[in-house]
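These are the residues of each chain, in order.
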Amino acid sequence: MMVNNSTIIQGERVKLPTKYGHFELIPFQEKISGVEHIVLIKGDFEPKDTVLTRIHSACATGDLFGSLKCDCGEQLVESMKLIEKEGKGVIIYLQQEGRGIGLMNKIKAYKLQEQGMDTIEANVHLGFAPDEREYQVGVEILNALEIQNIQLLTNNPDKINKLEQSGIKVVQRVPIIIKSNQFNKDYLSTKENLMGHQLSDNDT
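All of these numbers come straight from a predicted model, not from anything done at the bench.

Asker: An account of helix H7 (residues 157-165) is requested, with residue identities and associated values reported.
Answerer: Every buried residue belonging to H7 is among Lys159, Ile160, Lys162 and Leu163, and all of these are buried. Among the structural elements, strand E5 (50-57), helix H6 (136-144), strand E7 (149-153) and strand E8 (169-174) are those in contact with the buried residues of H7. By the N-cap criterion, in which a side-chain oxygen at the helix start approaches the backbone nitrogen of a residue two or three places on, H7 is capped by asparagine 156, the distance to aspartate 158 being 3.0 Å.

Asker: Now, about the UniProt feature "active site" (unreviewed entry) in the chain: what can you tell me, with residues and values included?
Answerer: Here, the residues flagged by UniProt with the feature "active site" (unreviewed entry) are Asp131 and Arg133. Of the annotated residues named above, the ones that line the largest pocket are Arg133. Residue placement: aspartate 131 occurs in the loop between helix H5 (119-125) and H6. Not counting residues within four places of it along the chain, the set of residues in contact with aspartate 131 comprises Arg99, Asn156 and Met195. Its place among the elements puts arginine 133 in the loop between H5 and H6. The buried category is assigned to arginine 133, whose relative accessible area is 10%. Those residues in contact with arginine 133, other than ones at most four positions away along the chain, are Ser57, Gln96, Arg99, Gly100, Asn156 and Lys162.

Asker: An account of the environment of threonine 190 is needed here, citing residue identities and associated values.
Answerer: Along the polypeptide, threonine 190 turns up in helix H8 (residues 185-194). Along the primary structure threonine 190 and glutamate 86 are separated by 104 residues, whereas in three dimensions their C-alpha atoms are 31 Å apart. Discounting chain neighbours no more than four positions away, the residues touching threonine 190 are Asp118, Thr119, Ile120 and Met195.

Asker: Tell me about the UniProt feature "binding site: GTP" (unreviewed entry) in the chain, residues and numbers included.
Answerer: According to UniProt, the feature "binding site: GTP" (unreviewed entry) maps to Arg54, Ile55, His56, Ser57, Ala58, Gln75, Glu97, Gly98, Arg99, Thr119, Thr154 and Lys159 in the numbering used here. Judged by maximum C-alpha separation, these annotated positions cover 106 residues in sequence and are scattered in space, the widest gap reaching 22.9 Å. Residues from the named set that contribute to the lining of the largest pocket are Arg54, His56, Ser57, Ala58, Gln75, Gly98, Arg99, Thr119, Thr154 and Lys159. Residues contacting alanine 58, with those up to four places away along its chain left out, are Asp63, Tyr93, Leu94, Gln95, Gln96, Glu97 and Gly98. Within the element layout of this structure, glycine 98 appears in helix H3 (residues 97-100). Since its relative accessible area comes to 16%, glycine 98 is described here as buried. The contact partners of glycine 98, leaving out residues within four places of it in the chain, are Ala58, Lys106 and Asn123.

Thresholds applied
- Residues numbered from 1 in each chain as written.
- Predicted model: local features only at pLDDT ≥ 70, side-chain atom pairs only at ≥ 80, totals over all residues.
- Heavy atoms only, no water.
- Buried < 20%, exposed > 50% of the residue type's maximum accessible area, 1.4 Å probe, protein only.
- Helix = DSSP H or I, 4+ residues; strand = E, 2+ residues; numbered from the N terminus.
- Contact = heavy atoms within 4.5 Å.
- Polar contact = N/O pair within 3.5 Å; in protein donor to acceptor, adjacent residues only side chain to side chain.
- UniProt positions renumbered as here; feature names shortened; annotations may be inferred.
- 1 Å grid on protein atoms, 1.4 Å probe; cavity = no way out; pocket = protein on both sides within 12 Å on 5 of 7 lines; lining within 4 Å.

Spelled out as structure tokens, the structure:
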């Protein structure tokens, strides 16, 4: 169905049992670009409720293949587990691969990292900002679901700022702490020290 006064189309809501819990799935599509996004939802909400929420950018290498170069797949799984434990919540899965630069460019950036660049240097070398992601479509999806107040599962303060600038109230940041490994320790260090990600369980 069309979402009134919106740039997105909402699809059917179906049951989705998973190994991490039982959810429902709703697809959304951007009207102009045709890009499709996915919502996993558990439970029912009133507009006044504060909802445990993860806005997750697609990462084919991490989410699908279990890559150890990043923490994306583990963050997604942990979010599903936390929402299952909570008994209600939402995961908005946005198709903006490689922090918004797309899969082809993400792999080019990986190649540059193999040659000694960090994740920021690689993106900038390719002509991009360190993080090209936008969350407006995520905001529209939250509006379509009548969710205005959230506990946000994130380590990224920029995500909080962009959501709040668009009218979403982030009541609390809920950190997702993933243990580093030999393949992603430099990547996580760059995110923490140069991109401001809060990779601890301190809610500050």
